Amino acid sequence: MDRIVQTIVDAVSVGGLYALTALGIGLIFGVMRLINFAHGELIMATGYTLLALFGLPLPLVLFGGLAIAVLLALATERVAFRPLRGADPATLLISSFALSFFLQKTLILFVDSRPKGIDFLPELGRQIEIAGIRLQALQLVIILVSGVLLVGLTWFLRATRFGLQMRAAAEDFRMARVLGVRANRVIATAFAISGLLAAAVSCLVVAQTGIVQPRMGLQLVIIAFVGTVIGGLGSLTGAAIGGFLVGLATILLQALLPPDLRVFREAFVFVAVVLVLLFRPQGLFPARGLKERI
Amino acid sequence: MGRDLLRRLWPLIALVVIVLAVALVFSFAPAVPQRRATQALINLIAVVGLYVFVGNSGVLSFGNVAFMAVGAYVSALLTMKAAAKSVFLPDLPSFIAAAEWPNLPGAMAGGVAAALLALVVGWPLMRLSGISASIATFAVLVVTYVVLGNWTTVTGGQNSLMGLPIYAGLWTAATWAVAAIAIAFAYQETRSALLLRASREDEAAAAASGVHMVRHRLIAFVISGFLSGIAGVLLAHFLGTVRVETFYLDLTFLIVAMLVIGGMGSLSGAVAGALVIAALTELLRQAEVGVDVGGVTLAAPAGLGDAILALIMLLIILFRPKGIAGGREISWPFGRHE
């Protein structure tokens, strides 16, 4: 019983992290058909900011980490992606790939590439006991934060004017512009939100692993890609559910596979992506308006 | 008649002459620059391999480094001394453990194995288009990396394979580079490649004209896999060791960056990108070592080269998306085509 509950909590917390990352990527894909490799570097930037500000009062540290990710997201949009708006997706993909490496290598230039330990929020590492089952406080926090952000974002997209514009832009960008949606504002907002999601993910991951390193974001983003693709590129619900499913699958494979196959679990997950792409190229939750017209 | 043929073959002749000239110049150079030139030529083969698929199909592939890895491991396992294998990999299947192939058959086996992998994964994947196809090739890279990095009995997992015959010198690399350029050129002159480029320009129009895009893409992917596999083989026998980490994101980035900077649309672009970036990387490496100015060493910070390479790639995609070559081949310099 203990092990089952523990596995479920593991799966939900890891799934939550991947869902948040996938959502950050899915949001940008929705409004500009860009697969943002550089999302990982937003996560990385927050991680290193936490390290740099470590020791200051906690709210300040958190605010710093958040501000960096949002500002960096806005800056990358302005510099690397706005000039390419309307370019074909392959060009955008290359641009974000180059940007991702540029940010990563620039960071390595200033601080070296070795992983650095940071004892961020140690009080979350404690075990707490609920109904006779011992769980790690951090995992519950991760589940809570993911839940709040998912609900908050859903509310923002469904109930606010800006959210409506964003959904309209995701569905048919040209039509939305014709109807008076301000393209620059919508896209900038999407980038700001993706920065915010990246910052949240980064704080949680750093608290969990206690390590920051230049590759930290890229690893998460690669898995989150899988989530967005499985869920359906361009669909936000799809991205969140896809990300969650990938997290779930990773943990379940870890728990259920025989030990000598466990190391291959990522390979299984990526084979799943290929299968989804083949049998449902639009993903499990296809986005509307994505099919190209001739 | 002869002039027309010469004109048509001109890009091939010009590129081969350039590669041979590079090799000739560096054959008189000291050992270290010669090694750098060898590595540059091996990278050139990898870029040409990537170009065969990306340039003709218009689909960006992140997966070619996986083919390099397969080529490297297959050739390494077939050519290593049996005694060395019994130390590093005691649990190898016996036919591999006993194999001590000569270098050339080993290299061919590496290339063919990579081509076979390309055929097997390309069969289903070539139906995908655009960004889905790119992500699928990325998945191929990750799966290959995970499998090679954990299949301990055959690949040694995270450990390096050591004691490979080191035969990939300057002229071996140059010979293969010429062969790769010739194969890529011969392929792009075929009907199949022409039809594939038609589908690159407009998928729907090509399909409507009866172009079987999937089949032509698969042909390009398999040739691309073979050349990438050969590049991997040479890299392994240049370094003398094989590590799975060598064949992952950094190498993918380097090869893709070279192709993008040179220009994805032409073979001349692929070659130009590989050579220009190699020269630039070398220059920055010198800058990192530093220069003595009146007893004071002025050195650029370590890692500057990588950052600048990424920056150049970004600037190219922003301001000259067709790369240095602009999608054209080196053209006949004597008089206009009438």
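In this text the structure is predicted, and so the values were computed from the model without any measurement.

What counts and what doesn't
Note on numbering: residues in each chain are counted from 1, in written sequence order. All chains are assigned letters beginning at A, and all ligands numbers beginning at 1, according to the order in which they are written. The predicted nature of this model means local features are confined to residues of pLDDT at least 70 and side-chain atom pairs, given and counted, to a pLDDT of 80 or more, with totals for whole chains, interfaces and linings taken over all residues. Strands here mean DSSP runs of E at least two residues long; helices mean DSSP runs of H or I at least four residues long; both are numbered from the N terminus. Our radius of gyration looks at C-alpha atoms and nothing else; its globule reference is 2.2 Å times the residue count to the power 0.38. Between the buried cut of 20 or more and the exposed cut of 12 or fewer other C-beta atoms within 10 Å of a residue's own C-beta lies the partly exposed class, and all C-beta atoms are placed from the backbone. Residue pairs qualify as contacts under a 7 Å threshold applied to their C-beta atoms, which are placed from the backbone. Given a helix with a known number of residues, its expected span is that number minus one, times 1.5 Å. Each residue gets one label: Ala, Val, Leu, Ile, Met, Phe, Trp, Tyr, Cys and Pro are nonpolar, Asp, Glu, Lys and Arg are charged, and the others, such as Gly, are polar. Throughout, an axis means a line fitted to C-alpha atoms (over the contacting stretch in the case of helices), and angles, computed between N-to-C directions, take values from 0 to 180 degrees. Any angle that falls under 35 degrees is termed roughly parallel, while one over 145 is termed roughly antiparallel, one within 65 to 115 roughly perpendicular, and all others oblique. Left-handed is the label given to a crossing in which the near helix is rotated counterclockwise from the far helix by less than a right angle, and right-handed is the label when the rotation is clockwise. Among buried residues, those of type Ala, Val, Leu, Ile, Met, Phe, Trp, Tyr and Cys that are joined through C-beta atoms within 7 Å form a set called a nonpolar core. The predictor attaches a confidence to each residue, called pLDDT, with possible values from 0 through 100. Pairing between strands is defined by DSSP: at least two bridges between the two strands are required.

What to know about the overall build of chain B
- When helices and strands are tallied, chain B shows 15 helices and two strands.
- For chain B, the C-alpha radius of gyration of 20 Å lies close to 20 Å, the compact-globule estimate for 338 residues.
- Each principal axis of the C-alpha distribution contributes one length, and for chain B these read about 65 × 60 × 40 Å.
- Looking at chain B residue by residue over its 338 residues, the buried ones come to 50%.
- The contacts in chain B between residues at least 6 apart in sequence include a share of 81% that link residues at least 24 apart.

Digging into the overall build of chain A
- Tallying secondary structure elements over chain A gives twelve helices and four strands in all.
- Here the C-alpha radius of gyration of chain A, 19 Å, is about what a compact globule of 294 residues would show, namely 19 Å.
- Summarising its shape, the C-alpha atoms of chain A cover approximately 60 × 45 × 35 Å along the three principal directions.
- A sequence separation of at least 24 residues applies to 75% of the contacts in chain A between residues at least 6 apart.

Here we look at helix α2 (residues 31-57) of chain B
All names here are of chain B.
- The first and last C-alpha atoms of α2 sit 39 Å apart over 27 residues, in line with the 39 Å expected at 1.5 Å per residue.
- Most of α2 sits inside the fold, with 20 of its 27 residues counted as buried.
- Gly 58, located one to two residues past α2, shows a positive phi value of around 80°.

Some points on the interface of chain B and chain A
- On the side of chain A, 34 residues touch chain B, which itself brings 32 residues to the contact.
- Secondary-structure elements contributing two or more residues to the side of chain B that touches chain A are α6 (103-125), α7 (130-150), α13 (249-262) and α15 (304-319) of chain B.
- The element contributing the most residues to the side of chain B that touches chain A is α7 of chain B, with twelve residues.
- Class assignment for the residues of the side of chain B that touches chain A results in 26 nonpolar, five polar and one charged.

What about the packing of helix α1 (residues 2-27) of chain B against helix α14 (residues 267-289) of chain B?
All names here are of chain B.
- The contact between α1 and α14 brings their axes to 10 Å, and the two run at 15°. What the angle tells us is that α1 and α14 run roughly parallel. Handedness of the crossing formed by α1 with α14: left-handed. Residues Pro 11, Leu 15 and Ile 18 of α1 touch α14, and the partners they reach there are Leu 267, Ser 268 and Val 271.
- Classifying every residue of the contact of α1 with α14 gives five nonpolar, one polar and no charged.

Some words on unusual backbone geometry
All names here are of chain A.
- Even without being glycine, Arg 33 reaches a positive phi, approximately 55°.
- By secondary structure assignment, the location of Arg 33 is in the loop between α1 (2-32) and α2 (39-53).
- Under the C-beta neighbour-count criterion, Arg 33 is labelled buried, with 21 such atoms within 10 Å.

Describing the nonpolar core
- Grouped together as the largest cluster of nonpolar side chains are 217 residues, with contacts concentrated most on Ile 45, Val 47, Val 48, Ile 181 and Leu 259 of chain B.
- Contact partners of Ile 181 of chain B, with chain neighbours within four places excluded, come to Leu 12, Leu 15, Val 16, Val 19, Val 48, Leu 267 and Val 271 of chain B.

Some details on the confidence of the model for chain B
- Taken residue by residue, chain B gives an average pLDDT of 90. The fraction at 70 or more is 98%.
- With a pTM of 0.90, the predicted complex shows an ipTM of 0.86.

Side note on the pairing of strand β3 (residues 133-136) of chain A
All names here are of chain A.
- Note that strand β2 (residues 127-130) and β3 share four bridges and pair antiparallel. Its bridge partner being in β3, Glu 129 is matched across the sheet by Arg 134.
- The hairpin formed by β2 and β3 contains two residues between the paired strands, and Ala 131 there has a positive phi angle of roughly 50°.

Quick word on the environment of Val 201 of chain A
Residues and elements named next belong to chain A.
- Note on placement: Val 201 falls in helix α8 (residues 183-209).
- The exposure class assigned to Val 201 is buried, which follows from the 32 C-beta atoms found within 10 Å.
- Along the primary structure Val 201 and Gly 217 are separated by 16 residues, whereas in three dimensions their C-alpha atoms are 9.5 Å apart.
- Residues within four places of Val 201 in sequence aside, it is in contact with Leu 17, Leu 20, Thr 21, Ile 43 and Leu 220.

Describing the packing of helix α10 (residues 236-256) of chain A against helix α12 (residues 265-279) of chain A
Residue and element names in this part refer to chain A.
- Where α10 meets α12, the axes come as close as 10 Å, and the angle between the chain directions of the two elements is 140°. Taken together, the axes of α10 and α12 lie oblique to each other. Between α10 and α12 the crossing geometry is right-handed. For the pair α10 and α12, contact is made by Val 246, Ala 249, Thr 250, Leu 253 and Gln 254 and by Arg 265, Phe 268 and Val 269, respectively.
- Across the contact of α10 with α12, the residue classes break down as five nonpolar, two polar and one charged.

Points about the environment of Gly 64 of chain A
All names here are of chain A.
- Tracing the chain through its elements places Gly 64 in helix α3 (residues 58-81).
- By the C-beta count within 10 Å, which is 17 here, Gly 64 ends up partly exposed.
- Taking the C-alpha atoms as reference points, Gly 64 and Leu 93, 29 residues apart in sequence, are found 29 Å from one another.

Description of α1 of chain A
- A rise of 1.5 Å per residue sets the reference length of α1 of chain A, with its 31 residues, at 45 Å; its end C-alpha atoms lie 45 Å apart and thus fit the reference within 8%.
- Looking one or two residues beyond α1 of chain A, the residue adopting positive phi is Arg 33 of chain A, at roughly 55°.

Section: the environment of Gly 156 of chain B
- Considering the arrangement of structural elements, one finds Gly 156 of chain B in the loop between α8 (152-155) and α9 (170-188).
- Along the backbone, Gly 156 of chain B and Asp 4 of chain B are 152 residues apart, and their C-alpha atoms lie at a distance of 54 Å.

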